[in-house]
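Inside the fold
What follows is each chain in one-letter form.
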Amino acid sequence: MNDPLHAHSPEALREELTGFPESTIQAMVELKSNPSPGAIEESVLRILEFYLPSGSETQIVGTAAETRLREDLGIDSLTFAEAAFKLEELFAIRIEHSELVDLETVGSLRQFIESRIAS
Amino acid sequence: MSHRVGITGLGFCTSIGTGIKAVTDSLINLRSGIRRVNLVPGIEVPVKVAGVVDGFDVGSTNPLAWTFPDGIEFDRTLLRSIPPHGVYALVAVREALDNAGLSDAEIRDGDTGLHTASSGSAMMTHHHLARLEETDWQRANPNGIVSSIAGTLNFNLAAHLGIRGNNCGFVSACASGSHALGHAFDEIALGRQKRMIVVAGEDCNAHSVLPFDGMRALSTDSDPAKASRPFDVGRNGFVAAGGSVAMILEADPSTEPVAWLGGWGQAADGHSIAAPHPEGEGLTRAMNRAIHSAGLCSQNVDYVNAHATSTIAGDKAEALALQNVFGNTDPGPQISSTKGLSGHGLSLSGLLEAAICALAINQSIIPGNANLTNPDPATTGLRLPTKTSSAAVRVALNNSSGFGGSNVCHVLSSPATG
């Protein structure tokens, strides 16, 4: 598998993730040397957790596939766009608006990561 | 039906202090907020001084990298969409709401409106557009617009506070804060809103300051103690400042306000994009309109907070306008520009100085003209104290002027005037 974070040195990754929890930053740095599909999925979900409403104790990692991102987790449209922009920056991909609209549940999010980032 | 407009809350996050007490102390002791700054690390630039807010490091384009003084913190979701001056505004508005005692229910009831003044954040605009261009115009930060354009303060503060009344931003360069306040007065006087929150703010960084150097408008003095010297013959340009001020207005308050806002007036020069009318023609009319709007005459004014920014043309034009309005009064009001202490806060300045007028009334002080050692001959006959003194201030006039010849003035009066 190719390095999914090829555009970023570990230092650039840290810069890009300033303000994120250290555990998330560390997971992303380790992902560069060990880009297994499982590690990619977990790292992406950790990044998305950062965008949950303040005070939320929810962990997307381990959440049931049918959990709805907007209704159950409270992710609004601007937050969704913000998280998508961060993934675009980190993984050098382009996420189309239509793809965002189709992401309704944690399960569809996992499928998206698998097909668009981890593949 | 017309309502009286009381100023019931003030909040400051400025170069001359964060909080009412710190700002009052700075005015009394002429403690300057102007510092030596390094606007572009590693590069020598012509501008060496600015009015900065102590304790805040908001130089990064990533809000998550910003640091604040002890005891001040912000929710991450609040920071993601604000410009650097947004944090100053949040600090100022918290203080103002706190000392006005407005409840969340009142703020959200539809009878509370919000007026803001800010020129936006050139630093954030530059960053987001540069990043967009780097990605061949493919990848735009979704918070890029709301964190940078003029209007950023009203977008963010209205959502954060839950404002359901009037929500509007004002852009008239250095008269913006004064327009925001003047039109807030109208909202209450005309019965459209019961309460108005008025907030003005500006960044202070290379992007917000250095473009003015191209206009030769900035002082290139490197001595913070001399660079801003309004009305002095040696003045050579203004010193830019950032920060924020908030003010709460209420209709017919049941408890004694800090001061009354008695009226306001505006008039434009019809003369130049940037230069003032050389005889201060528009400012003369704006002052007269404000005084008339408050039902007073020039003889009633005890104190004038001048706009004077320390530019050669602007201070002279204002001195002539003050001669026009007060030349026949005896002894005439005491007049000071507090920009010798604070620097020039651009969109922020009009509201900062209206708030200083409210403090002058509330604390019975006449702020002095810092750094004024050799007054311009155009000021002959005007009373320009160089030290702050204790004196009852019944009526204060606040002047401001902006690009395009906008002139806006407010009249504030003491609760003791009834």
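For the structure itself, look to the data block above.
Note that residues are indexed from 1 along each chain, following the sequence as it is written. Lettering of chains starts at A and numbering of ligands starts at 1, both following the order in which they are written. For this predicted model, a pLDDT threshold of at least 70 governs which residues receive local features, and a threshold of 80 or more governs which side-chain atom pairs are given and counted, while totals over whole chains, interfaces and linings are taken from all residues.

1. Quick look at the overall build of chain B
Applicable threshold: The numbering of helices and of strands both runs from the N terminus, where a helix is a DSSP run of H or I of at least 4 residues and a strand a run of E of at least 2. Atoms considered for the radius of gyration are the C-alpha atoms alone. The globule rule reads 2.2 Å times the number of residues to the power 0.38. Buried, partly exposed and exposed are defined by the number of other C-beta atoms within 10 Å of a residue's own C-beta, namely 20 or more, between the two limits, and 12 or fewer respectively, with C-beta atoms placed from the backbone. Here, residue contact means that the backbone-derived C-beta atoms of the two residues sit within 7 Å.
From N to C terminus, chain B includes twelve helices and 15 strands. Relative to the compact-globule value of 22 Å for 418 residues, chain B shows a C-alpha radius of gyration of 20 Å, a close match. A principal-axis box enclosing the C-alpha atoms of chain B has dimensions of 65 × 50 × 40 Å. Expressed as a percentage of its 418 residues, the buried residues of chain B come to 60%. Across chain B, the fraction of contacts at a sequence separation of at least 24, relative to all contacts at a separation of at least 6, is 80%.

2. A few points about the interface of chain A and chain B
This is how the line gets drawn: The residue classification treats Ala, Val, Leu, Ile, Met, Phe, Trp, Tyr, Cys and Pro as nonpolar and Asp, Glu, Lys and Arg as charged. All others, Gly included, are polar.
Taken together, the ten residues of chain A in the interface contact twelve residues of chain B. Residue composition of the side of chain A that touches chain B, by class: four nonpolar, three polar and three charged.

3. Regarding the packing of helix α2 (residues 22-33) of chain A against helix α3 (residues 37-49) of chain A
What describes two packed helices is the angle between their axes and the distance between those same axes. All names here are of chain A. Our working rule: Axes here mean lines fitted to C-alpha atoms, for a helix over just the part in contact, with angles spanning 0 to 180 degrees between N-to-C directions. For classification, angles of less than 35 degrees are called roughly parallel, those exceeding 145 degrees roughly antiparallel, those between 65 and 115 degrees roughly perpendicular, and all remaining angles oblique. By definition, turning the near helix anticlockwise from the far helix through less than a right angle yields a left-handed crossing, and turning it clockwise yields a right-handed one.
Taken N-terminus to C-terminus, the directions of α2 and α3 make an angle of 150°; their axes are 10 Å apart at the nearest point. One finds that α2 runs roughly antiparallel with respect to α3. Where α2 crosses over α3, the handedness of that crossing is left-handed. Contacts from T24, A27, M28 and L31 of α2 reach α3 at A39, I40, E42, S43, R46 and I47. Of the residues assigned to the contact of α2 with α3, the class counts are six nonpolar, two polar and two charged.

4. Description of helix α5 (residues 122-134) of chain B
All names here are of chain B. What counts, and what does not: A helix's residues, less one, multiplied by 1.5 Å, set its expected span. Taken from the helix axis, the directions to the C-beta atoms give the arc we talk about.
Compared with the 18 Å implied by 1.5 Å per residue over 13 residues, the 18 Å span of α5 between its first and last C-alpha is a close match. All of the buried residues along α5 are M123, M124 and H128. All buried residues of α5 fall inside an arc of 120° around its axis, so they share one side. When the buried face of α5 is taken as reference, the exposed residues oriented beyond 90 degrees from it are A130 and E133. Against the buried residues of α5 lie α3 (84-100) and α8 (206-209). Two residues or fewer after α5 comes D136, characterised by a positive phi angle close to 55°.

5. Here we look at unusual backbone geometry
Residues and elements named next belong to chain B. Here the amide bond leading from D330 into P331 is cis, since omega sits at 5°, within 30 degrees of zero. Residue position: P331 is located in the loop between α10 (312-326) and β11 (334-336). Of note, the phi angle at R216 is positive, near 60°, even though the residue is not glycine. Among the secondary structure elements, R216 is positioned in the loop between α8 and β8 (243-251). According to the C-beta neighbour criterion, R216 is exposed, with 12 such atoms within 10 Å.

6. Considering the nonpolar core
Most often, soluble globular proteins have nonpolar side chains that are buried together. The following threshold applies: Residues enter a nonpolar core if they are buried, belong to Ala, Val, Leu, Ile, Met, Phe, Trp, Tyr or Cys, and are joined to the set through C-beta atoms within 7 Å.
A92(B), V198(B), M247(B), L249(B), L351(B), A355(B) and A358(B) are the most contacted members of the largest nonpolar core, which has 120 residues in total. In this structure L249(B) touches V5(B), G6(B), I7(B), A184(B), F185(B), I188(B), R195(B), M196(B), V198(B) and L261(B), once residues within four positions along its chain are discounted. Formed by 24 residues, the second largest nonpolar core is a distinct cluster that contains F20(A), V44(A), I47(A) and L73(A).

7. Concerning the environment of H3(B)
All names here are of chain B. Positionally, H3 belongs in the segment before β1 (5-14). Given 17 C-beta atoms within 10 Å, H3 falls into the partly exposed group. Put simply, H3 and N324 are 321 residues apart on the chain and 31 Å apart in space, counted from C-alpha to C-alpha. Contact partners of H3, with chain neighbours within four places excluded, come to I188, A189, G191, A251 and D252.

8. With respect to the packing of helix α1 (residues 20-29) of chain B against helix α12 (residues 349-363) of chain B
All names here are of chain B. At a minimum axis distance of 11 Å, the contact between α1 and α12 shows a crossing angle of 80°. Taken together, α1 and α12 sit at an angle that is classed as roughly perpendicular. Facing V23, T24 and L27 of α1, the residues of α12 in contact are I356, L359 and Q363. Residue composition of the contact of α1 with α12, grouped by class: four nonpolar, two polar and no charged.

9. Remarks on the environment of L79(B)
Residue and element names in this part refer to chain B. With respect to the element layout, L79 can be found in helix α2 (residues 76-79). On the basis of neighbour counts, which here come to 22 C-beta atoms within 10 Å, the residue L79 falls in the buried class. In the structure, L79 is positioned 17 residues away from N62 in sequence and 9.2 Å away in space, judged by C-alpha atoms. If near-sequence neighbours (up to four positions away) are discounted, L79 is found in contact with P63, L64 and F74.

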